[in-house]
Amino acid sequence: MRHTQTNTHRFCSRSRFIYNNNYTVWNFVPKNLFEQFRRIANFYFLIIFLVQLMIDTPTSPVTSGLPLFFVITVTAIKQGYEDWLRHKADNEVNGAPVFVVRSGSLVQTRSKNIRVGDIVRVAKDETFPADLVLLSSDRPDGTCHITTASLDGETNLKTHYSVAETSVCQSVSQLEALQAVVECQQPEPDLYRYRCIFLLFVFVRPLGPENLLLRGARLKNTKEIFGVAVYTGMESKMALNYKCKSQKRSAVEKSMNTFLIIYLIILLSEAILSTILKYAWQAEIKWDEPFYNQKTERNAFLLICFYFLAFLVLYNFIIPISLYVTVEMQKFLGSFFIGWDLDLYHEESDQKAQVNTSDLNEELGQVEYVFTDKTGTLTENEMQFRECSINGTKYREVNGKLLPEGMTDDSPDGSMPPLMGDELLFLKAVSLCHTVQISYDQSDCLAVGGDPFSHANGVSSSPMEYYASSPDEKALVEATKRYKLLHVLEFDPNRRRMSVILQTPSGNTTFFSLRTLVVACRHFSPEEYIDVDKKLNSARTALQQREERLQEAFSYIEKDLQLLGATGVEDKLQDKVQETIEALRLAGIKVWVLTGDKHETAVSVSLSCGHFHRTMNILELLQQHSDNECAEQLRILSRRLREDHVIQHGLVVDGASLSLALREHEKLFMEVCKNCSAVLCCRMAPLQKAKVVRLLKTSPEKPITLAIGDGANDVSMIQEAHVGIGIMGKEGRQAVRNSDYAIARFKFLAKLLLVHGHFYYIRIATLVQYFFYKNVCFITPQFLYQFFCLFSQQTLYDSVYLTLYNICFTSLPILVYSLFEQLVHPHVLQNKPGLYRDISKNSLLSFRTFLYWTVLGFCHAFVFFFGSYILMGEDTTLMGNGQMFGNWTFGTLVFTVMVITVTLKLALETHFWTWMNHFVTWGSIAFYFIFSLFYGGIIWPFLHTQDMYFVFVQLLSSGSAWFAIIIIVITCLFPDVLKKVLYRHLQPTSTQKSQGRNKLKCHSKLKCDRGREEKRFCPSCCLNEPMWSQVINLAAQEGLGVYTHIA
């Protein structure tokens, strides 16, 4: 129990700030270094670097230290920038201006300076800066209206009540003199539970959730309120509901870790083999070491460890440390393309797609199951009155008029039947049984005692704004467009209804009740109303068991009702929902709808949006009351699925049955679900949604899941799925803030997965495989060279080449490839969703593909080494003056062939060429030659030794060396070209077939049919022109080619 005293600060809150950042200025360096060295590759290279510092190794510590420093620095900059953005967002929240009562006046301060016990003033349409106990409002009854869309996703208007003893304190002087104590419980995240005691002099008042104004909620339809802060900063209920996001890892990252372990095994095997062969060679007397080579002691354990570590250092570059930093850069830079895509921009709401994390880009191309909310995600969440049934007669709304079924709007007024008693009573019910509030620009008109309908006389032009406790109420009131309100029986989830007691102009008392769009009434006699009024007032002023007594009073009143009719309110589908779901189905993605709506409504929406087909056999798991009953029904459904395997099946399950199924029969339930084409779960609680997602993603097949929703009730599901997407809808921003990606409409999901997901996956999959390939090519000749230097640990390459190989010579081509590569045109990917199946199940990073790239790397490495050795051999003609090649010349020849081959190998893998691809591909080769000429052609004074002096110049002066380079490069790449040609013609994939049918050429100048010259349009310009997708659409309409595919 904590004690809070108004206008004092005896209790010191642990934190008055809201913070979502990971670092501070003081802990950034140590904390970031700790997190980075938890990554196995970074820690491995740190150990290698320390080994190079401590013992005499064949390579300089710079060869490991410089790449490691580069990787750590780049990653730290990226993470620091992302955390700076979080700091910036936190500062905007913490720095928001607020007014507090201090020293007898209102003082403006910052949100972060609010202390527990401060009395805070909040004006209309402002958000509450802390959790406040409502002391008073500008309304005489001490109430206020708020919306909590940012907390729980509910857009309805909620009524909160001030403490009865303080509701008269509406001036600063009265509030300054107020001395009271609030005894409340310790902070907890439950938004709907709050218990405290308000002590004022001799008065003791128990308070509940209806007296607490939560941080993040917004004041509506009330000019101003005063409240005392009880929870601030990270102790507020909103902050306590921030879930610590679990670190999501993509399937590609998991594959990278697996490949890394395999390459570590290869590295250790090479180091152990080299150590064994070194001692085996020294055991032969005929291979006795020369006098200048120190004899190795065979039984010296320390020497064995020393030489093992030396070989480990020599071969350590087989582990691609720069892979991680390149992947980080590719994900970070690539994520901008989603925000730049105008096809994902929603003009009506002026919202573009948003990326909250770039670590899961490639996971968008691996989704197998989509879990979607219904209201606000598939639908617009805009209720519109369509029809009603009154006394058995169906009425429709036509051009603002309520007409019986069969009558048209053009009928003469005289022919329209007049509304009789039941019809009038029904319309009164839907017009009066609500908690809708009317707000005008001039708030003074709402003062008590004034006529709330004074604006209806046509004198004022102030627009009216409706606030309701549910969108259904608002829709009904807006459709019907005068009674004294006596009591409101508020809606609650147990009764699922709200009711009002009204006094008619004639003085009679009428009771109207509205339950899920069913309308009823009851007429009270004066004596009955006196009894009802007494019960309600007694329950509402009870100090203990107030909620239970209110429920008893409500049950007593809401009985013996007369049914008046029912209303039909429509929440229309969003644009292109049906087409999107069908595209996902063709892509091999199963769609599950998880909603809290009732069974009938959910099925109707599923049928209208194409989730369920009219010809689909709908199976039901509903209203199960016991484990045995649920198990038996599941077995019946499983049997029907096996017998009727030809047709498609859909499954409908409610929340209660789902709880039973997940308790004891998970395996059987999952078997039924996986054999259904579509699954609909209704009457779902938020945590049940997350349980369903977790159940599927942890199944033996471990499919990749995606959850999409727009409300705070979808947050748990969004965080549980592999990929979480928030819809920027009308239920607040909680889902968007907790998602990995955010889009404005459900229809954008198709392009996000089928196009962006496809591109991201093929790019990063090739990036990972290529990195391992080029490092095998890099270090294997070093291993082979040991067989020719008697395992003396002599390095084949110069230390500068060792350092710059992954950083400069081969890094940019693969980075640019991973940003711009497109196997097929985006329009083709959208029009042929089946192409998504080609990359499913992580197919491009399968063990078979990994083995191909690894074996290819070893083969190319053997050709590099032995090709150079055979062509060079003992032939003195390789040098113009008859001089033979030395060790560094041989190593430089191997290195030169390797740089050219691995760069051209990537060029063969490139299908989509831009000016930047050309620049970095040919520029990397040119940079290597230019750098080597300067590095070896000048004596650098800061270098202790310069073994490469004039080596590269002599190599290039040899015609035989040029001949060897050309022959070796062709020998390596020709089989790859032949394989590609044969496979494309004999066993083409569906993606390759689409490439063949959609070849387009890029022209420097394009002329339209009207003869005017147009600027060249190419997606490569997307670096400085984010509107390239719109340009492609325009060019396609004009019949112009905009890009080049290399078959």
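Given the structure is predicted, the values throughout are model-derived calculations rather than measurements.

Once that is clear, we can look at the UniProt feature "binding site: Mg(2+)" (unreviewed entry) in the protein. Those residues carrying the UniProt feature "binding site: Mg(2+)" (unreviewed entry) are Asp373, Thr375, Asp710 and Asp714 in this numbering. Within the secondary structure, Thr375 sits in the loop between strand S15 (369-372) and strand S16 (379-390). Looking at the secondary structure, you find Asp710 in the loop between strand S30 (705-709) and helix H21 (715-720). The class for Asp710 is buried, based on a relative accessible area of 0%.

Atom-level detail of predicted coordinates should not be read off regions where pLDDT is low. When pLDDT is averaged across the protein, the result is 79; 80% of the residues are at 70 or more. This stretch, residues 10-14, has a pLDDT under 50; its non-local contacts, to residues over four places away or in other chains, come to ten contacts. Under a pLDDT of 50 for its full length, residues 441-462 has, in the predicted model, 20 contacts with residues more than four places off or in other chains.

A separate point is the side chain of Thr509. With respect to the helices and strands, the residue Thr509 is situated in strand S23 (residues 509-515). Setting aside chain neighbours within four positions, we find Thr509 in contact with Leu486, Ile501, Leu502, His523, Phe524 and Tyr529.

Among the nonpolar cores identified, the biggest contains 98 residues, and Ile319, Val768, Tyr797, Phe895 and Met898 are the most heavily contacted of them. Ranked by the residues each element gives to this core, the list is headed by helix H23 (residues 748-785), at 19 residues. With residues near it in sequence (within four places) discarded, Ile319 still touches Tyr44, Phe45, Leu260, Tyr263, Leu264, Leu267 and Asn775. Counting residues in hydrophobic clusters, the runner-up holds 50 residues, among them Ile338, Ala583, Tyr760 and Phe820.

A few words on unusual backbone geometry. At Asp125, a position not held by glycine, the phi torsion is positive, near 70 degrees. Looking at where Asp125 falls in the secondary structure, it is placed in the loop between strand S4 (119-123) and strand S5 (131-137). If you check the backbone angles, Asn842 has positive phi at about 55 degrees while not being a glycine. Counting through the fold element by element, Asn842 comes out in the loop between helix H26 (826-831) and helix H27 (847-872). Among the residues examined, Asn842 registers a relative accessible area of 13% and is labelled buried.

Here six strands make up an open sheet; going across it, the order is S3-S2-S4-S13-S5-S11 and the pairing antiparallel. What marks the edges here is a single partner per strand, and that holds for strand S3 (105-110) and strand S11 (212-213). Summarising the sheet, strand S2 (residues 97-102) and S4 pair through two bridges and their orientation is antiparallel. Bridge assignment links Val100 to a residue of S4, and that residue is Val120.

So, about the side chain of His860. Take His860: it is sitting in helix H27. The class of His860 is buried, set by a relative accessible area of 3%. Ignoring any residue separated from it by four or fewer positions in sequence, one finds His860 in contact with Tyr773, Cys777, Thr901, Cys972, Leu973 and Asp976.

What counts, and at which threshold
Residues numbered from 1 in each chain as written. Predicted model: local features only at pLDDT ≥ 70, side-chain atom pairs only at ≥ 80, totals over all residues. Heavy atoms only, no water. UniProt positions renumbered as here; feature names shortened; annotations may be inferred. Helix = DSSP H or I, 4+ residues; strand = E, 2+ residues; numbered from the N terminus. Buried < 20%, exposed > 50% of the residue type's maximum accessible area, 1.4 Å probe, protein only. pLDDT = per-residue confidence, 0-100. Contact = heavy atoms within 4.5 Å. Core = buried A, V, L, I, M, F, W, Y, C linked by side-chain atoms within 4.5 Å. Pairing = 2+ DSSP bridges.

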